[in-house]
Amino acid sequence: MKKLDQYLLAFEKTAAKILIIVMIVFIFMSGIARFLKHPMNWAVDMSTFMFAWACFFAVDVAWRNNRMMSVDLLVKRLSPRAQKIIRLINYFIISAFLVYLIIWGFRLTYTTRFRTFAGIPNFSYSWVNVSVPIGAILTLRTTIIKIITELRKTPKKVQTEGAE
C-alpha cells in the first residue's frame, strides 16, 4: 500500500507541474499568436482544462505533505487531547465537504457531457468537470489516512511538576 501511495503522490506532483507548465506555454503562445493576428482560441480552453486538473492534484499533494494553511494560534494552547479532538473534528468536516464535492461533481460532470468547448469542437467540458470528483476522491483518501493515523496516535501526556 505504501508503494501505491508513493507512486500516486509522485504522479500527482509530476502531473500538476507538467499541466501548469504546459498551461503557461499555451497562454503565452496564444498571446503571441493573437498579437500576430492569428488567434489560437483553443489554447485558452485547453488551459482551463489543465488548470482544473493541476489545482486538484496540487491540493492533494499539499494536504498529504501538511502544507495547507492553518490557524492554530488558540489550538496550540490547548491540551494534547483537546488538540487531537479538534483535529479529528476538522478532518470529519473536511471529509463531509469532500463527499459533497464527489457527489455533486459527478452530477455536474454528467449534466455537462454534451457541452463542448467553444474553441475545441468534440471535446466535452465534462473532462474539466470530472477533475472535481476525482480530485475530491484523492483528497478524501488522504483525509481518511490522516483520520486513521490520528486515531492510532496517543496524545502526549502532560508532565506534572515534581514527577519523576
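Quick summary incoming for the structure in this document.

The rules behind each value
- Residues numbered from 1 in each chain as written.
- Predicted model: local features only at pLDDT ≥ 70, side-chain atom pairs only at ≥ 80, totals over all residues.
- Heavy atoms only, no water.
- Helix = DSSP H or I, 4+ residues; strand = E, 2+ residues; numbered from the N terminus.
- Rg over C-alpha atoms; globule rule 2.2 N^0.38 Å.
- Buried < 20%, exposed > 50% of the residue type's maximum accessible area, 1.4 Å probe, protein only.
- Contact = heavy atoms within 4.5 Å.
- Areas by Shrake-Rupley, 256 points an atom, 1.4 Å probe, with all protein chains shown as cover.
- Lys, Arg positive; Asp, Glu negative; His and termini not counted.
- Charge placed at Lys NZ, Arg CZ, Asp CG, Glu CD.
- Phe/Tyr/Trp six-rings, centres within 6.5 Å; stacked < 30°, edge-to-face > 60°.
- Core = buried A, V, L, I, M, F, W, Y, C linked by side-chain atoms within 4.5 Å.
- Salt bridge = Lys/Arg side-chain N within 4 Å of Asp/Glu carboxyl O.

A look at the overall build of the protein chain
- Across its full length, the protein chain holds 5 helices and 0 strands.
- Each helix (α) and strand (β) of the protein chain, taken in turn from the N terminus, gives the series α-α-α-α-α.
- A globule of 164 residues ought to have a C-alpha radius of gyration of about 15 Å, yet the protein chain, at 21 Å, is considerably larger.
- Referenced to the eigenvectors of the C-alpha coordinate spread, the extents of the protein chain come out at roughly 80 × 35 × 35 Å.
- Looking at the protein chain residue by residue over its 164 residues, the buried ones come to 35%.
- Considering only residue pairs separated by 6 or more positions, the protein chain has 75% of its internal contacts joining residues 24 or more positions apart.
- Of the roughly 11,800 Å² of accessible surface on the protein chain, a fraction of 69% belongs to carbon and sulfur atoms.
- When the 22 basic and 8 acidic side-chain charges of the protein chain are each reduced to a single mean position, those positions are 7 Å apart.

A short note on the packing of aromatic side chains
- Overall, the coordinates contain 8 aromatic pairs when judged by the stated rule.
- Geometrically, the ring pair formed by phenylalanine 11 and phenylalanine 57 is edge-to-face, given 5.6 Å between the ring centres and 75° between the ring planes. Of this pair, phenylalanine 11 sits in helix H1 (residues 2-35) while phenylalanine 57 is found in helix H2 (residues 41-64), placing the two residues 46 residues apart along the sequence.
- In this structure phenylalanine 11 comes out as partly exposed when scored by relative accessible area, which is 48%.
- Between tryptophan 53 and phenylalanine 57, the aromatic rings sit 5.7 Å apart at their centres with planes inclined by 45°, giving tilted as the arrangement. Separated by 4 residues within a single helix, tryptophan 53 and phenylalanine 57 lie in helix H2, roughly one turn from each other.
- Using a relative accessible area of 8% as the deciding quantity, one classes phenylalanine 57 as buried.

With respect to the nonpolar core
- Core analysis: the biggest nonpolar cluster contains 22 residues, and Met46, Phe49, Met50, Phe57 and Phe117 have the highest contact counts within it.
- Only H1 and H2 provide two or more residues apiece to this core.
- For this core, the element with the highest residue contribution is H2, accounting for 8 residues.
- When sequence neighbours within four positions are dropped, the list of residues in contact with phenylalanine 49 reads Phe117, Phe123, Trp127 and Val128.
- Among the nonpolar cores identified, the runner-up in size contains 6 residues, and Leu101, Val132, Ala136 and Leu140 belong to it.

Describing the pattern of salt bridges
- Under the definition given, this model contains 7 salt bridges.
- Salt-bridge contacts for arginine 64 lead to aspartate 5; the nearest nitrogen and oxygen are separated by 3.7 Å. Here the residue arginine 64 occupies a position in helix H2, and aspartate 5 occupies one in helix H1, the gap between them amounting to 59 residues.
- Assessed through its relative accessible area of 22%, aspartate 5 is described here as partly exposed.
- Ionic pairing is found between lysine 153 and glutamate 150, a salt bridge with its closest N-O pair at 3.5 Å.

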